[in-house]
Amino acid sequence: MYKLNNGVEIPKIGFGVFGLGDATKACVERALSLGYRLIDTAADYGNEAETGRAVRNSPIPRSEIFVTTKLWNDDMRKGRQRQAFEESLGRLGMDYVDLYLIHWPVAGKYVESWHVLEELYEEGLVRAIGVCNFNQEQLEILGKEARILPAVNQIEIHPRCAALSIRKFCREHSILCEGWSPLGRGRFPGECLEKIGRRHGKSGAQTAIRWQVQQGLVPLPRSSSPVRIAENFSVFDFELSAEEMEEIDGLNREEHLGATPEHFTF
């Protein structure tokens, strides 16, 4: 577990549910049974209800499961931030979430949206608040207006997109970075990671995830495959050497596969 800047503990790896559709409930149930304790969903994913059912049906106490969801862009644009949160709670079937994030830095809206998140935090409806896909400038603007600094910045991170600059800024300001698409949307791992993985009896995908864990990041792998769900979590029984970490670092091209904080159209 890591500690966020408000003292709340967060697991070192999470299970992402983006794009799982009708398979969400079964996949979350499997993930929880395998040891995952962080589940990452969002209003925009359309599967908060299925995620909530899986968590409620689990024999694991709710207090031991770290649930994240996110405020969507259109709800910010329409000024319905609080209503959107209440709707998320309703779909999840919960009376609180562990982490609530602004999904994207919608220009002219993310500061006022942040103030709503601060209120939710102060009311005890969320245990921590943060953002997704914010660059340094956006975080600096937010920081000047905020009463509470973000605990998390969830960004695209994988060996070809190490996000070094924004990670450095976040580290200096005690903001934990989570990584979405930690396996590069299936375009990786590639021969370098496979080669390193073989030395440890692991796959290239496990090597990529372990590379993130050893840097103090929280990777959020996603899969509908029972085998892959288990494989992605099995990364705590080996350690990459300093030389291996450096070799993986060398793959970085700051190559984004998804939208960026500066360019998104949704």
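Predicted, not measured: the structure shown is a model, and the values here were computed from it.

Calculation notes
- Residues numbered from 1 in each chain as written.
- Predicted model: local features only at pLDDT ≥ 70, side-chain atom pairs only at ≥ 80, totals over all residues.
- Heavy atoms only, no water.
- Buried < 20%, exposed > 50% of the residue type's maximum accessible area, 1.4 Å probe, protein only.
- Helix = DSSP H or I, 4+ residues; strand = E, 2+ residues; numbered from the N terminus.
- Pairing = 2+ DSSP bridges.
- Contact = heavy atoms within 4.5 Å.
- Axes fitted to C-alpha atoms, helices over the stretch in contact; angles between N-to-C directions.
- Phe/Tyr/Trp six-rings, centres within 6.5 Å; stacked < 30°, edge-to-face > 60°.
- Lys NZ or Arg CZ within 6 Å of the ring centre and 35° of its normal.
- Left-handed = near helix turned anticlockwise from the far one by under 90°.
- Nonpolar A, V, L, I, M, F, W, Y, C, P; charged D, E, K, R; others polar.
- Core = buried A, V, L, I, M, F, W, Y, C linked by side-chain atoms within 4.5 Å.
- 1 Å grid on protein atoms, 1.4 Å probe; cavity = no way out; pocket = protein on both sides within 12 Å on 5 of 7 lines; lining within 4 Å.
- Points joined across faces, edges and corners; volume = space filled by probe spheres on them.
- Expected span 1.5 Å × (residues − 1).

(A) Structural view of the pairing of strand β9 (residues 176-180). A large share of β9 lies buried, amounting to five of its five residues. Burial of the side chains of β9 extends over both faces: Leu 176, Glu 178 and Trp 180 are buried on one face and Cys 177 and Gly 179 on the other. Taken together, the five bridges between strand β8 (residues 152-156) and β9 define a ladder with parallel strand orientation. Bridge pairing in β9 places Glu 156 opposite Trp 180. Judged from the two bridges that link them, β9 and strand β10 (residues 218-219) form a sheet pairing that is parallel.

(B) Molecular detail of the sheet that holds strand β3 (residues 15-16). Read across the open sheet, the eight strands follow the order β3-β4-β5-β6-β7-β8-β9-β10; overall the sheet is parallel. Where the open sheet ends on each side, the last strands, each with one partner, are β3 and β10. The pairing of strand β4 (residues 38-40) with strand β5 (residues 66-71) spans three bridges and is classified as parallel. Its bridge partner being in β5, Asp 40 is matched across the sheet by Thr 68. On the sheet, helix α4 (residues 81-92) packs against β5 and β6 (99-102) and is oriented at approximately 140° with respect to β5.

(C) Structural detail: the packing of aromatic side chains. The final tally for this structure, using the stated rule, is 10 aromatic pairs. Judged by centre distance (5.2 Å) and plane angle (80°), the ring pair of Trp 104 and Phe 266 falls under edge-to-face. Here Trp 104, found in the loop between β6 and α5 (110-122), pairs with Phe 266, found in the segment after α11 (242-249); they are 162 residues apart in sequence, far enough to count as distant. Judged by relative accessible area, Trp 104 falls into the buried class, the value being 6%. Relative to Phe 266, the ring of Phe 264 lies with its centre 5.7 Å away and its plane at 45°, an arrangement referred to as tilted. Using a relative accessible area of 18% as the deciding quantity, one classes Phe 264 as buried. Using a relative accessible area of 33% as the deciding quantity, one classes Phe 266 as partly exposed. Linked through ring pairs, Phe 15, Tyr 36, Phe 233 and Phe 236 together constitute an aromatic cluster. The side chain of Arg 62 reaches across the aromatic face of Tyr 96, ending 4.2 Å from its centre. The cationic tip of Arg 210 hangs over the ring face of Phe 238; the distance from NZ or CZ to the ring centre is 6.0 Å.

(D) Summary view of the packing of helix α1 (residues 24-34) against helix α2 (residues 48-57). Where α1 contacts α2, the two axes come as close as 8 Å, and the packing angle between them is 40°. When you trace α1 past α2, the crossing you get is right-handed. Every residue of α2 that contacts α1 at Thr 24, Lys 25, Val 28, Glu 29 and Leu 32 is listed here: Glu 50, Thr 51, Arg 53, Ala 54, Val 55 and Asn 57. Class assignment of the residues belonging to the contact of α1 with α2 gives a composition of four nonpolar, three polar and four charged.

(E) Quick look at the nonpolar core. In terms of nonpolar packing, the biggest core is built from 85 residues, with Leu 4, Phe 15, Tyr 100, Trp 114 and Leu 139 touching the most fellow members. Leaving out residues up to four positions away in the same chain, Trp 114 has contacts with Ile 102, Ile 129, Gly 130, Val 131, Leu 142, Ala 146, Ile 148, Leu 149 and Pro 150.

(F) Region of the structure containing the layout of surface pockets. Roughly 810 Å³ of volume is contained in the largest pocket. Lining the largest pocket are 36 residues, with Phe 18, Trp 180, Ser 181, Arg 185 and Arg 222 sitting closest to its centre. When residues of the lining of the largest pocket are traced back to their parent elements, those giving at least two are α9 (204-213) and α10 (226-233). If you tally residues by element for the lining of the largest pocket, the top one is α10, at three residues. Tallied by class, residues from the lining of the largest pocket come to 16 nonpolar, 12 polar and eight charged.

(G) α5, seen in detail. Taking 1.5 Å per residue, 13 residues should reach 18 Å; α5 reaches 18 Å between its end C-alpha atoms and fits that length. Elements that come into contact with the buried residues of α5 comprise β5, α3 (73-77), α4, β6, β7 (129-132) and α6 (136-145). Just past α5, the residue Gly 124 takes up positive phi, approximately 80°.

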